[in-house]
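Analysis of the macromolecular model
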Amino acid sequence: METFTLNDGNQIPKLGIGVNQVRSAAVGPALARAFEVGYRAVDTANTYLNEVAVGRAIRDSGLPREEVYVTTKVWSTESGHTRMSAAIDRTIERLGTDYLDLLLVHQQYGDYNGAWRAMEEAVAAGKVRSIGVSNFNRERLTDLVSNATVLPAVAQIERHPYFQQREQKAFLEQFGTVVAGWFPLGRGDRGLLAEPLFAELGEKYGKSPAQVILRWHLQGDTIVIPGSTDPDHIRSNYELFDFSLTAEEMDRIAAMDKNKRFHNLPELAERIIFQSMWRGTDYDKRQR
């Protein structure tokens, strides 16, 4: 598996499998297939309510722990130093592992600076290898970085050909922060997948439109974590390393940017909703 080198010196696989909205009963079969195909990175979160199943699937795989890269995220209701410190320990316990490869603050609300201090302490204690953020805008990233000792190693943002976020990506690169794109296929948008350019390139390379888009991400120095429980999709999403797009083809895809988000809540509504969601949730008991 090809990797990126993070700003803390650690390596992260360029391709992983996500388990958002995957129930625990389906996690085991999906990850067993993924590991069989060759995936070695899994992306989960407290709010996915399947961390216990993810940990079990990793142990059941028989793979050495150090061969599987585990990313998880803590929700903003666990922000602040004290709450984050406790949340990290509970997260590690749910996953049944000695350490996390990558821990992210899931949302940019609450006391994220206090949470970040706790995450830095977890790195120093060996509980976490790398730390980063998810869904942070430039203003809050600037605030976090100005108060941080350890810079974010990874930032997860919505990114796909219709919403390329080139300015945000360039902003992050000044800190050595690697971008991971969620909704890499535009939430499976039919219009995006039906773009004639992807059909043309797919025919040229013997690939599907989805594979062409995922290859565009990789060549654009973006980590991709497509999620699926379908065995055929899991395999096809992995078959990205036997072809390359030309510079001219990359430019043609770059020209498709519409600044079109698929997660498009106004920030005020997002703040209210995200600050209230999952408040008081017992993540240990609600594993689904």
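The structure contained in this document is the topic of the report that follows. (Residues numbered from 1 in each chain as written. Predicted model: local features only at pLDDT ≥ 70, side-chain atom pairs only at ≥ 80, totals over all residues. Heavy atoms only, no water.)

Once that is clear, we can look at the pairing of strand E7 (residues 128–134). Burial runs high along E7: six of the seven residues are buried. Here strand E6 (residues 100–105) runs beside E7; their pairing, made up of five bridges, is parallel. If you follow Leu103 over to E7, its bridge partner there is Ile131. Regarding topology, helix H4 (residues 112–124) serves as the crossover connection from E6 to the parallel E7, and that connection is right-handed. Regarding topology, helix H5 (residues 138–147) serves as the crossover connection from E7 to the parallel strand E8 (residues 154–158), and that connection is right-handed. (Buried < 20%, exposed > 50% of the residue type's maximum accessible area, 1.4 Å probe, protein only. Helix = DSSP H or I, 4+ residues; strand = E, 2+ residues; numbered from the N terminus. Pairing = 2+ DSSP bridges. Right-handed = clockwise from strand over helix to strand, strands pointing away.)

This next bit is on the layout of surface pockets. Quantified by volume, the largest pocket comes out at close to 1200 Å³. Lining the largest pocket are 39 residues, with Asn20, Gln21, Trp182, Phe183 and Arg187 sitting closest to its centre. Every element with two or more residues in the lining of the largest pocket is listed here: helix H10 (231–238) and helix H12 (267–276). With three residues, the single largest contributor to the lining of the largest pocket is H10. Its residues assigned to classes, the lining of the largest pocket shows 17 nonpolar, 18 polar and four charged. When its volume is computed, the second largest pocket comes out at roughly 450 Å³. Residue lining of the second largest pocket: 22 residues in total, with Phe136, Asn137, Phe163, Gln165 and Arg261 positioned closest to the centre. Of all the secondary structure elements, the ones that give two or more residues to the lining of the second largest pocket are E8, helix H6 (166–173) and H12. Its residues assigned to classes, the lining of the second largest pocket shows six nonpolar, eight polar and eight charged. (1 Å grid on protein atoms, 1.4 Å probe; cavity = no way out; pocket = protein on both sides within 12 Å on 5 of 7 lines; lining within 4 Å. Points joined across faces, edges and corners; volume = space filled by probe spheres on them. Nonpolar A, V, L, I, M, F, W, Y, C, P; charged D, E, K, R; others polar.)

On to H10, then. When we look at burial in H10, the residues that qualify are Ile234, Ser236, Asn237 and Tyr238. On its buried side, H10 packs onto strand E3 (17–18), helix H1 (24–37) and helix H9 (209–219). The backbone nitrogen of Asp232 has a side-chain oxygen 2.9 Å away, supplied by the residue at the start of H10, namely Asp230. (Contact = heavy atoms within 4.5 Å. Polar contact = N/O pair within 3.5 Å; in protein donor to acceptor, adjacent residues only side chain to side chain.)

Enumeration according to the criterion identifies one cavity of 30 Å³ or more in this entry. Volume-wise, the largest cavity comes out at about 90 Å³. As for the largest cavity, its lining consists of 15 residues, and the residues nearest its centre are Ile12, Asp43, Thr71, Ile223 and Ile225. Listing elements by their share of the lining of the largest cavity, those giving two or more residues are strand E2 (11–13), strand E4 (41–43), strand E5 (69–74) and E8. Considering every element that reaches the lining of the largest cavity, the biggest residue donor is E4, with three residues. Here the residues of the lining of the largest cavity are counted per class, giving eleven nonpolar, three polar and one charged.

Remember, this is a structural readout, not a statement about activity or role.
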